Amino acid sequence: MAGGRAGNDGGGMTSLPQTESLPQTDAWTYDDFTRAELDPGRWTVMSITGADGERHQYRDRNARIRTGDGRLELTVNPFTRFHDRDPRQNNAKQMYRSVRRFAVPPAGRLSFEVTMGVRTYGQVPYDLLDAFGTVNVFDMETGVVLNAAATNDTVYAVIERLALPGVTQPHERFIHRVVLDVPTEPGQEHRYAIGYRADTSEAEFHVDGRLAYGTRLPVAVTGFEAGMALFSARDLSRYTRAEREHGQGATGWWGPWRVTTDVR
């Protein structure tokens, strides 16, 4: 840096170099799935209170899991967890949530990265909700959900705010599904990264290292949990039980999970 002139005597002094603060990045593996069984210290089956006031687990009696080779593999074929009135007892067939809630740096960015492959069985072609697998990033304190989802033929992003008693008002609930420009086929793996920036409330979806979608959330989030799931979520009011439960199923596999924080 050039020196600056001071005073009237022609003397000068050289200023000290100024340095900008560089981002501090901390990245670690949350789970590499090398244990023979799913680690209960990292993952638990998701549960939620249903419309009947009872606590219900997102668990399908037909689920089969396998892990220990660097990924979690979950198969439910066919799906058996159905309900005719309450989506909370219908949509998620089996879902795991992280035991840990990850804090968003107040002046930085939090991101989750994981490889997911999905193969569906008997899925209605190009129907986003008939059978699909998800990478879940969500916050129960605000109701915000950021999911990357895949079927045999489509990859898409889900941006949602859940209707949670004591958390959200009915008019604050919304769900957007955005089909991403990501070619796929049954069982094809993709690397998904979902990030959130605290100072702008912006969320980003990267697929295979490329920014696929970005949006700004209507509420600030201070932390997220992570999850993995298989779903079938066709509209209960639009489709009959026979149309929703027609023998379809899916296999999904995930791993490893990487978490990164960038702080300025």
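Residues numbered from 1 in each chain as written. Predicted model: local features only at pLDDT ≥ 70, side-chain atom pairs only at ≥ 80, totals over all residues. Heavy atoms only, no water.

Moving on, we come to the overall build of the protein. Across its full length, the protein holds one helix and 21 strands. In the protein, once contacts between residues fewer than 6 apart in sequence are set aside, the share between residues at least 24 apart is 68%. With an accessible surface of roughly 13,300 Å², the protein has 48% of that area assigned to carbon and sulfur atoms. The protein carries 31 positive and 34 negative side-chain charges, and their two centres are separated by 2 Å. (Helix = DSSP H or I, 4+ residues; strand = E, 2+ residues; numbered from the N terminus. Contact = heavy atoms within 4.5 Å. Areas by Shrake-Rupley, 256 points an atom, 1.4 Å probe, with all protein chains shown as cover. Lys, Arg positive; Asp, Glu negative; His and termini not counted. Charge placed at Lys NZ, Arg CZ, Asp CG, Glu CD.)

With that settled, consider the pattern of salt bridges. Across all of its chains, the model carries 19 salt bridges by this definition. Here Arg35 and Asp39 are joined by a salt bridge, their closest N and O atoms 3.7 Å apart. Residue Glu141 pairs with Arg101 through a salt bridge whose shortest N-O separation is 3.3 Å. Taken as a pair, Glu141 in the loop between β12 (132–139) and β13 (144–150) and Arg101 in the loop between β9 (92–98) and β10 (102–103) lie far apart in primary sequence, 40 residues in all. A relative accessible area of 31% places Arg101 in the partly exposed class. Connected via shared salt-bridge partners are Arg66, Asp69, Arg71, Glu73 and Glu189. (Salt bridge = Lys/Arg side-chain N within 4 Å of Asp/Glu carboxyl O. Buried < 20%, exposed > 50% of the residue type's maximum accessible area, 1.4 Å probe, protein only.)

This part is about the environment of Phe224. Note on placement: Phe224 falls in strand β19 (residues 223–231). Taking the relative accessible area as the measure of exposure, Phe224 reaches 1% and is therefore buried. Spatially, the C-alpha atoms of Phe224 and Val104 are 7.5 Å apart, while their sequence positions differ by 120 residues. The contact partners of Phe224, leaving out residues within four places of it in the chain, are Arg100, Arg101, Phe102, Val104, Leu110, Phe112, Val137, Phe138, Asp139, Val144, Leu146 and Tyr196.

With that settled, consider the nonpolar core. Counting residues in hydrophobic clusters, the biggest one holds 48 residues, and the most contacted among them are Phe112, Val135, Leu146, Phe224, Trp254 and Trp257. Considering each element in turn, this core owes the most residues, five residues, to strand β11 (residues 108–121). If we skip the residues at most four places from it in the chain, Phe112 touches Phe102, Val137, Tyr192, Ala193, Ile194, Phe224, Ala226, Trp257, Arg258 and Val259. By size, the runner-up hydrophobic cluster in this structure holds 16 residues, among which are Met46, Ala92, Phe132 and Val158. (Core = buried A, V, L, I, M, F, W, Y, C linked by side-chain atoms within 4.5 Å.)

Further remarks concern the confidence of the model for the protein. Detailed reading of the predicted coordinates is not advisable wherever pLDDT is low. Mean pLDDT over the protein: 92, with 91% of residues reaching 70 or higher. Predicted confidence is poor over residues 1–19, with pLDDT under 50, and the contacts of this stretch with residues over four places away or in other chains come to 13 contacts. (pLDDT = per-residue confidence, 0-100.)

Counted under the stated rule, the structure contains 11 aromatic pairs. Residues Phe112 and Trp257 carry aromatic rings whose centres are separated by 6.5 Å and whose planes lie at 80° to one another, so their mutual orientation is edge-to-face. Here Phe112, found in strand β11, pairs with Trp257, found in strand β21 (residues 257–263); they are 145 residues apart in sequence, far enough to count as distant. Phe112 sits in the buried class, given a relative accessible area of 3%. We classify Trp257 as buried; its relative accessible area is 1%. Measuring from centroid to centroid gives 5.3 Å for Phe132 and Phe231, while their planes differ by 10°, and the two rings are stacked. (Phe/Tyr/Trp six-rings, centres within 6.5 Å; stacked < 30°, edge-to-face > 60°.)

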